[in-house]
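Each chain, written out:
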Amino acid sequence: MMRRVAVLTRHNKGRLISQALLELGWQLTELDSFDTDSLGSFAGERPRFMSPDECALRKAAIAAELSGYDTGIGSEGSFAPGPYGIGTFNLELICCVNISAGWAVTGRFYGPTNVQQWTISNNEALDQALASVPEGQKLLVQQHRYIRKGLSPAEARQQAGSLLINGGEFILGFDLRAHCCPERQQHIRLAAADLVQRIKHQCARCSTPGFWPDKPISGLPCEECGTPSTLTQARQACCQRCGYTETYGSEQRYAAALYCQVCNP
Ligand SMILES: [Zn+2]
Ligand SMILES: [Zn+2]
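Remember, predicted model here, so these are calculated numbers, not experimental data. (Residues numbered from 1 in each chain as written. Chains lettered and ligands numbered in written order. Predicted model: local features only at pLDDT ≥ 70, side-chain atom pairs only at ≥ 80, totals over all residues. Heavy atoms only, no water.)

Draft legend 1. Fine view of helix H1 (residues 13–21). Looking only at H1, the buried set comprises Lys13, Gly14, Leu16, Ile17, Ala20 and Leu21. What you see down the axis of H1 is that its buried residues fit within an arc of 160°, all on one side. Considering only its buried residues, H1 is in contact with strand E1 (3–8), strand E2 (26–31), strand E3 (71–81), strand E4 (88–98) and helix H5 (182–200). (Buried < 20%, exposed > 50% of the residue type's maximum accessible area, 1.4 Å probe, protein only. Helix = DSSP H or I, 4+ residues; strand = E, 2+ residues; numbered from the N terminus. Arc of directions from axis to C-beta. Contact = heavy atoms within 4.5 Å.)

Laid out in structure tokens, this is it:
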């Protein structure tokens, strides 16, 4: 049976998500009349008081409520320094809630991006920066309180002319909004595909979706002395409704002595 699902979105993100949902036979309706920035504390450039997971969940619940459908979808993307502070990583979350059945499942993508930002003070630096911009990536320019977004490289070059004369220096960077960033679009597609896989995995006891082994259990025994290490020995799935759990052992049976507190303190 075709299930109707609503998503809150302003930047055509729905288009990126709907393709994956076809696998479930779901039809996505975009509620683009709703300005997610008006949600205040957790959208756009305003200060945040919620984790990305909470934001995605809340948007999904609002989408369901506004549409009157059982199922709503909310997405939340963020950029932050990567592990060990290296590079910039993109986290894309797509949460699906079913109000009447009472479950929520979140699909995710987390990985490195090629996000760039430059301080430009002359035409040579501008040429160099623009030459490294990937196909389809839109740009923003900023000088003090002046900011322009969604620019093609040609448009950015046009802006640059007067900015260099005006203030001598300006910021050039990637516009990271979903409709301006092809790499992010790809990450959103991957998060949507992850969501679909998680929804398809249902609890064996009560059929609630999202039965997914994402809880690592450490204690893989040392190959030399058998002491439990910090490495993962199994992954556990736990049903959010009935609490039924299943544990899946890892392929490795022993940890290298390198990871052992006793053999390699
Ligand atoms: Zn269950
Ligand atoms: Zn050991």
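Okay, back to it.
Draft legend 2. Structural context of the packing of aromatic side chains. The final tally for this structure, using the stated rule, is 3 aromatic pairs. Plain terms: the ring middles of phenylalanine 89 and tyrosine 110 are 5.1 Å apart, the flat faces sit at 45° to each other, and that makes the pair tilted. Of this pair, phenylalanine 89 sits in strand E4 while tyrosine 110 sits in strand E5 (residues 103–113), placing them 21 residues apart in sequence. Note on tyrosine 110: relative accessible area 46%, which makes it partly exposed. (Phe/Tyr/Trp six-rings, centres within 6.5 Å; stacked < 30°, edge-to-face > 60°.)

Draft legend 3. How the structure looks around the coordination of the zinc ion (ligand 1). Looking at the zinc ion (ligand 1), one finds its protein donor set to be Cys203 (SG), Cys206 (SG), Cys239 (SG) and Cys242 (SG), positioned 2.3 to 2.4 Å from the metal centre. Around the zinc ion (ligand 1), the 4 donor atoms sit at angles spanning 103 to 118°, and that spread fits a shape best called tetrahedral. Along the chain, the residues donating to the zinc ion (ligand 1) fall in the pattern C-x2-C-x32-C-x2-C. Given a relative accessible area of 6%, cysteine 239 falls into the buried group. According to the relative accessible area criterion, cysteine 242 is partly exposed, its value standing at 30%. (Donors = N, O, S within 2.8 Å, 3.2 Å for Na, K, Ca; no water. Tetrahedral: all angles 85-135°; square planar, octahedral: opposite > 155°, others 65-115°.)

Draft legend 4. The domain arrangement of the protein chain, seen in detail. Its domain assignment divides the protein chain into domain 1 (3–114 + 181–199), domain 2 (130–175) and domain 3 (201–265). Each of domain 1 and domain 2 has a C-alpha centre, and the two are 28 Å apart. Contacts between the two partners involve 4 residues from domain 1, matched on the other side by 7 residues from domain 2. Carbon and sulfur atoms make up 45% of the area that domain 1 and domain 2 hide from each other, which totals about 380 Å². On inspection of domain 1 and its partner domain 2, the count reaches 0 salt bridges. Looking at the side of domain 1 that touches domain 2 residue by residue, the classes come out as 2 nonpolar, 1 polar and 1 charged. (Domains from an automatic or database assignment. Buried area = accessible area lost by both parts, 1.4 Å probe. Salt bridge = Lys/Arg side-chain N within 4 Å of Asp/Glu carboxyl O. Nonpolar A, V, L, I, M, F, W, Y, C, P; charged D, E, K, R; others polar.)

Draft legend 5. Geometry of the nonpolar core. Counting 21 residues, the largest nonpolar core has Leu21, Ile73, Ile94 and Leu195 as its most contacted members. Among the secondary structure elements, those contributing two or more residues to this core are E1, H1, E2, E4, E5 and H5. Residue contributions to this core peak at 6 residues, all from H5. Look past the residues within four positions of isoleucine 94 in its chain and what remains in contact with it is Ile17, Ile73, Gly74, Ser75, Val105, Thr106, Gly107, Ile188, Ala191, Ala192 and Leu195. (Core = buried A, V, L, I, M, F, W, Y, C linked by side-chain atoms within 4.5 Å.)

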